[in-house]
Amino acid sequence: MIGRLVGKLAENHPPFVLLDVNGVGYEVEVPLSALGYLPKLGESCSLFTHFVVREDAQLLYGFIRREDRELFRLLLKVNGVGPKMAVAILSHMSPNEFVECVRGDNLTRLTKMPGVGKKTAERLLIEMRDRIKDWDAGDRESATPELLNQSAGGHSHLEEAEAALLALGYKPQEASRAINAVYKDGMGRDELIRLSLKGMVKTK
């Protein structure tokens, strides 16, 4: 099991990044919420990882925080939820937001996420309720310099956010409109992407 990778960020093509670890390039799929914490190309990057082996592929999924990976692994235990859907969920909401959604039986919010139908959302609420019962939001998502790659990327926050939305399948005009609707001076990439996604979900 590959549990963590530390290397240089060689390529960044959302939702995939290429991490150069001592000359070996690892292609890793990351949630779009991680984009705000990725460093510039060529700089050191640390990712907690989950390794998936299938008959036709070997896949790596990467996460900035340990709790992101923890929720990802819990989601994989839900019937009908695979890695792609689990990553999509973490792209649209933080672990704490998802936990609040489950505890509040917020079926509507779950079904607004791309790829999550009513039956899947109902399974998520039922099967995840017991699994996250001990989840303490106060002890989670603490951003520490050791775990987060906080230096700015090679593009502007606006460009990074637009690239992330396009990678999810949104049209350029939709992405631009959503970003302009929420953008404020000083807003970081992660916040910009998250708020843009929320706005697009609400308008559907």
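The structure this text deals with has already been given above.
Residues numbered from 1 in each chain as written. Predicted model: local features only at pLDDT ≥ 70, side-chain atom pairs only at ≥ 80, totals over all residues. Heavy atoms only, no water.

Visitor: Which parts of the structure should I look at to understand the nonpolar core?
Guide: A general tendency of soluble globular proteins is for nonpolar side chains to be buried together. Judged by nonpolar contacts, the single largest core of 29 residues is most densely connected at Val-17, Leu-19, Val-28, Leu-38, Leu-47 and Leu-165. Elements supplying a minimum of two residues to this core: strand E1 (4-13), strand E2 (16-21), strand E4 (44-53), helix H6 (157-167), helix H7 (172-182) and helix H8 (189-202). In contact with Leu-19, other than residues within four places in its own chain, are Leu-5, Val-6, Gly-7, Lys-8, Leu-9, Val-24, Gly-25, Tyr-26, Cys-45 and Leu-47. In this structure, Tyr-61, Ile-89, Val-102 and Met-128 belong to the second largest nonpolar core, which totals 28 residues. (Core = buried A, V, L, I, M, F, W, Y, C linked by side-chain atoms within 4.5 Å. Buried < 20%, exposed > 50% of the residue type's maximum accessible area, 1.4 Å probe, protein only. Helix = DSSP H or I, 4+ residues; strand = E, 2+ residues; numbered from the N terminus. Contact = heavy atoms within 4.5 Å.)

Visitor: Explain unusual backbone geometry to me, please; I cannot follow it from the model alone.
Guide: Working note: non-glycine residues mostly have negative phi, and peptide bonds are mostly trans. At the junction of Pro-14 and Pro-15, the peptide bond is cis and its omega measures out at 5° in the coordinates. By the secondary structure assignment, Pro-15 is in the loop between E1 and E2. Phi at Asn-22 is positive, roughly 55°, even though this residue is not glycine. Relative to the helices and strands, Asn-22 resides in the loop between E2 and strand E3 (24-29). Backbone geometry places Asp-105, a non-glycine residue, at a positive phi of 50°. Mapped onto the elements, Asp-105 comes out in the loop between helix H3 (95-103) and helix H4 (107-111).

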